[in-house]
Amino acid sequence: MWIGWIEFDILLGDVQSLKEKRSIIRPLVAEIKRRFDVSVAEVGDHEQYRRSQVGAGLVAADRAHLVEVLTAVERFVAARPEFELLSARQRELHSED
């Protein structure tokens, strides 16, 4: 069994409130979950208007599938025009590690 996750550091555009931030992050989280069937949540920078940390996780039978899905999630997030992806950190672990 393989377990993998990816964490995104996101810089939002001209956001002036947490309400505006949620109006961008909630649809992103919902679309990642729907499109890629992964667990996803905002995992950091909750009180900052213009920054967000979003993480997605997946369990898979083989590493190739895991890497394929996490890479697709990263491409999807990087292509969004409403914010700038500052960094993405990906990690995979085998259950016997």
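Since the model is a prediction, treat every value here as computed from it, not as a measurement.

Topic: the sheet that holds strand β3 (residues 51-60)
Read from one edge of the open sheet, four strands run β2-β3-β1-β4, paired in antiparallel fashion. Single-partner strands in this sheet number two, and they are β2 (39-44) and β4 (83-94). Within the sheet, the average angular offset between the axes of one strand and its neighbour, ignoring direction, is 20°. Two strands pair when backbone bridges link them, and strand β1 (residues 2-12) and β3 are joined in this way by 10 bridges, in the antiparallel orientation. The residue of β3 that forms the bridge with phenylalanine 8 is valine 54. Contacting β1, β2, β3 and β4, helix α1 (residues 18-36) crosses the sheet at an angle of about 150° to β2.

Calculation rules
- Residues numbered from 1 in each chain as written.
- Predicted model: local features only at pLDDT ≥ 70, side-chain atom pairs only at ≥ 80, totals over all residues.
- Heavy atoms only, no water.
- Pairing = 2+ DSSP bridges.
- Helix = DSSP H or I, 4+ residues; strand = E, 2+ residues; numbered from the N terminus.
- Axes fitted to C-alpha atoms, helices over the stretch in contact; angles between N-to-C directions.
- Contact = heavy atoms within 4.5 Å.

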